[in-house]
Amino acid sequence: MTPCALIVMGVSGSGKSTIGVAVAARLGWPFEDGDRFHPPSNVAKMHAGRPLTDEDRWPWLQAIADEIDRVCEAREHVVIACSALKRAYRDVLIHGRNDVRLVYLNGSPDLIAGRLAERKGHFMPPGLLTSQFQTLEPPGEDEQAITVSIDAAVETIVDDILRQLQARPAARTGGDRPSA
């Protein structure tokens with residue numbers, strides 16, 4: 001089954017936008033950066049170097065979930081980059097859908113810290129990376145995530161994602177939504 005949405009997840013600096021854009025281009029799907037769904041108060045808080053609380057995140061996650069629902073109900077497709085660090089966050093985003101897949105970008109703290117040190121003009125300062133790794137709950141087997149190492153070239157990572165997408169169709173139970 002081809003999902004209607006892919007959520008490209010991982011800590012800041014793991015390459016969610018870069019990989020998401022590349023996957024979307026290869027699939028011919030639109031790309032959305034989950035950051036655009038943050039309210040201005042969240043952006044200001046992160047820009048000031050303060051980690052978001054769960055209270056801050058719920059409206060943001062619900063806005064992304066609403067966009068996924070809209071896209072899927074319109075029988076369209078989308079690739080969305082979103083950190084989705086905790087299982088509870090992913091539960092809000094997916095909420096039992098069987099037509100949404102996670103793509104987990106897995107990388108070491110050292111590799112990602114090096115990337116963040118080179119990044120310019122992003123509202124997430126490198127100093128928040130430690131809190132991101134402390135918050136991260138890698139997807140469990142029951143979440144049917146596609147997991148890829150980010151210690152490779154972008155094209156290699158995209159090839160791996162697309163290979164896994166074809167090899168392991170989503171098989172979540174409990175989804176009450178028809179597949180697209």
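Shown above is the structure to which this text applies.
One structure accompanies this document, and this report is about it. These numbers were taken from a predicted model, which means no experiment stands behind them.

**Notes on the packing of helix α3 (residues 54–73) against helix α4 (residues 87–94)**
Phase 1: Contact pair α3 / α4: the axes reach a minimum separation of 8 Å and the direction vectors enclose 30 degrees. Classified by the angle their axes make, α3 and α4 are roughly parallel. As for the relative orientation of α3 and α4, their crossing is right-handed in sense. Contacts between α3 and α4 involve D54, R57, W58, L61, Q62, I64, A65 and I68 from the former and A88, Y89, V92 and L93 from the latter.
Phase 2: Along the lines of polarity and charge, the residues of the contact of α3 with α4 split into 9 nonpolar, 1 polar and 2 charged.

**Observations regarding the pattern of salt bridges**
Pairs can form between side chains of opposite charge once their charged atoms are near each other.
Phase 1: In this structure the tally under the stated criterion is 15 salt bridges.
Phase 2: Ionic pairing is found between R36 and E32, a salt bridge with its closest N-O pair at 2.5 Å.
Phase 3: With relative accessibility at 52%, the residue R36 sits in the exposed group.
Phase 4: Shared partners join several salt bridges into a network, and the residues in it are R87, R90, D91, D142 and E143.

**Some details on the sheet that holds strand β4 (residues 100–106)**
Strands in a sheet are paired, the pairing made by backbone hydrogen bonds, and the direction either parallel or antiparallel.
Phase 1: Reading across from one edge, β2-β3-β1-β4-β5 is the order of the 5 strands in this open sheet, with parallel pairing throughout. Looking at which strands have only one partner, the edges of the open sheet turn out to be β2 (31–33) and β5 (146–149). Each strand of the sheet is rotated relative to its neighbour by a mean of 20 degrees, with strand direction disregarded.
Phase 2: Strand direction decides the pairing type here: β2 and strand β3 (residues 78–81), joined by 3 bridges, are parallel. Looking at β3, one finds that E32 is bridged to I80.

**Here's the deal with helix α2 (residues 40–47)**
Phase 1: Those residues of α2 that sit buried are N42, K45 and M46. Across the axial projection of α2, the buried residues extend over an arc of 95 degrees, all falling on one side. Away from its buried face, by an angle of more than 90 degrees, α2 presents the exposed residues P40 and H47.
Phase 2: Against α3 lie the buried residues of α2.

Conventions used here
In this convention, every chain numbers its residues from 1, walking through the sequence in written order. Owing to the predicted nature of the model, reporting of local features is limited to residues with pLDDT of at least 70; listing and counting of side-chain atom pairs is limited to 80 or more, with chain, interface and lining totals taken over all residues. Excluded from the side-chain calculations are hydrogens and water; all other atoms, namely the structure's heavy atoms, are used. For every element, the axis is a line fit to its C-alpha atoms; helices are fit only across the contacting stretch, and the angle between N-to-C directions ranges from 0 to 180 degrees. Under the scheme used here, helices are H or I runs from DSSP no shorter than 4 residues and strands are E runs no shorter than 2 residues, and both carry numbers assigned from the N terminus. Throughout, the term roughly parallel applies to angles under 35 degrees, roughly antiparallel to angles over 145, roughly perpendicular to angles from 65 to 115, and oblique to all others. We call a crossing left-handed when the near helix sits turned anticlockwise from the far one by less than a right angle, and right-handed when that turn is clockwise. Pairs of residues are marked as contacts when any of their non-hydrogen atoms sit within 4.5 Å. Only Asp, Glu, Lys and Arg are considered charged in this grouping, and only Ala, Val, Leu, Ile, Met, Phe, Trp, Tyr, Cys and Pro are considered nonpolar; every other residue, Gly among them, is considered polar. Criterion for a salt bridge: a side-chain nitrogen of Lys or Arg within 4 Å of a carboxyl oxygen of Asp or Glu. Throughout, exposure labels follow a simple rule: accessible area from a 1.4 Å probe, protein chains only, divided by the maximum for the residue type, with under 20% read as buried, over 50% as exposed, and the rest as partly exposed. We treat two strands as partners when DSSP finds at least two bridges between them. Here, the arc refers to the directions that run from the helix axis to the C-beta atoms.

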